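# Descriptive analysis of the structure
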Amino acid sequence: MRPLAINDFREWSEVRQRNGEWLTVWEPSRFAHQPDPTTDKSAFASRCLQRDRDRAAGTAFQFGLFVDGRVAGEVNLNNVIRGAMQSCTVGYWVDQDHAGNGYTVEGVALVMQFAFEQLGLHRVEICIVPRNQRSRRIMEKLAIREEGVAQRYLEINGTWEDHVRYAMTSEEWHARRSEIVRTWITRTA
């Protein structure tokens, strides 16, 4: 995993376009007046530059997920809040051709390790549309605690959708760190 760069455009664009129907049912709508980064290289470049600024400001950390050196998805640590909260949210997507191979689980485990061990955050939250069984399966594999349902939590593909909220605190991470690292992070090393 590494941050996406402008020279990843062609590969990223191909994966996103090929997976359009697979992904857009789970994502916020793009505003009609905004250029589409999947087809517009300058929009993708702006997206990469904004993500560099977010990383420098410590407000978000986005990572491309690569399999055999090729773009296979993204795992993003978003909405970093400092102060009394010390939290963030995690979002992710994977190429349908790579779904079910454990790459996303490993990526989520890696960003959680980064959040707790490098950033010193106290809480990581992942929110998932209830009918997204594949995404919820990732939470099951990692045994992330389910906290309940947030009603009409986020706009997804034009509809305000409920989301199941999952979370882990730093105390939980440190109690389970060895198991998660052994099972999901070092399995491919």
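A short tour of the structure in this document, coming up. The model shown is predicted, which means the values in this text are computed figures rather than measured ones. (Residues numbered from 1 in each chain as written. Predicted model: local features only at pLDDT ≥ 70, side-chain atom pairs only at ≥ 80, totals over all residues. Heavy atoms only, no water.)

### Overview of the overall build of the chain
Within the chain one finds six helices and six strands. The order of α-helices and β-strands along the chain, N terminus first, is α-α-α-β-β-β-α-β-α-β-β-α. A globule of 189 residues ought to have a C-alpha radius of gyration of about 16 Å, and the chain, at 16 Å, matches this closely. Scored against the burial criterion, the 189 residues of the chain give a buried share of 46%. Of the roughly 10000 Å² of accessible surface on the chain, a fraction of 50% belongs to carbon and sulfur atoms. (Helix = DSSP H or I, 4+ residues; strand = E, 2+ residues; numbered from the N terminus. Rg over C-alpha atoms; globule rule 2.2 N^0.38 Å. Buried < 20%, exposed > 50% of the residue type's maximum accessible area, 1.4 Å probe, protein only. Areas by Shrake-Rupley, 256 points an atom, 1.4 Å probe, with all protein chains shown as cover.)

### Structural notes on helix α5 (residues 133-142)
Where α5 is concerned, the buried positions are Ser-135, Arg-136, Ile-138, Met-139 and Leu-142. Seen end-on, α5 carries its buried residues on one side only, within an arc spanning 145°. Close packing links the buried residues of α5 with β3 (87-94), α4 (103-118), β4 (123-128), β5 (145-156), β6 (159-169) and α6 (170-185). Of the residues trailing α5, Ala-143 is marked for its positive phi of about 55°. (Arc of directions from axis to C-beta. Contact = heavy atoms within 4.5 Å.)

### Overview of the side chain of Arg-16
Mapping Arg-16 onto the fold places it in helix α1 (residues 9-18). Once residues lying within four places of it in the same chain are set aside, the contact partners of Arg-16 are Leu-23, Glu-27, Thr-38 and Trp-93.

### Observations concerning the environment of Arg-18
On the secondary structure map, Arg-18 appears in helix α1. In this structure, the C-alpha to C-alpha distance between Arg-18 and Leu-154, residues 136 residues apart in sequence, is 25 Å. Discounting residues that sit within four places of it in the chain, Arg-18 has contacts with Asp-95 and Asp-97.

### A few points about the environment of Glu-155
Its location among the elements puts Glu-155 in strand β5. Apart from the residues within four sequence positions on either side, Glu-155 is in contact with Pro-28, Ser-29 and Trp-160. At 2.9 Å, the side chain of Glu-155 forms a polar contact with the side chain of Ser-29. At a separation of 2.5 Å, a polar atom in the side chain of Glu-155 contacts the main-chain amide nitrogen of Gly-158. (Polar contact = N/O pair within 3.5 Å; in protein donor to acceptor, adjacent residues only side chain to side chain.)

### Observations regarding the sheet that holds β6
Ordered in space as β1-β2-β3-β4-β6-β5, the six strands form an open sheet in which the pairing is mixed. Looking at strand neighbours, the two that pair on one side only are β1 (61-67) and β5, the edges of this open sheet. Recorded for the sheet is a direction-independent mean angle of 30° between the axes of neighbouring strands. Sheet topology note: the β3/β4 ladder contains three bridges and is parallel. Looking at the pairing, Cys-88 lines up with Val-124 of β4. Each of β2 (70-81) and β3 touches α1; the most contacted strand, β2, lies at about 90° to it. (Pairing = 2+ DSSP bridges. Axes fitted to C-alpha atoms, helices over the stretch in contact; angles between N-to-C directions.)

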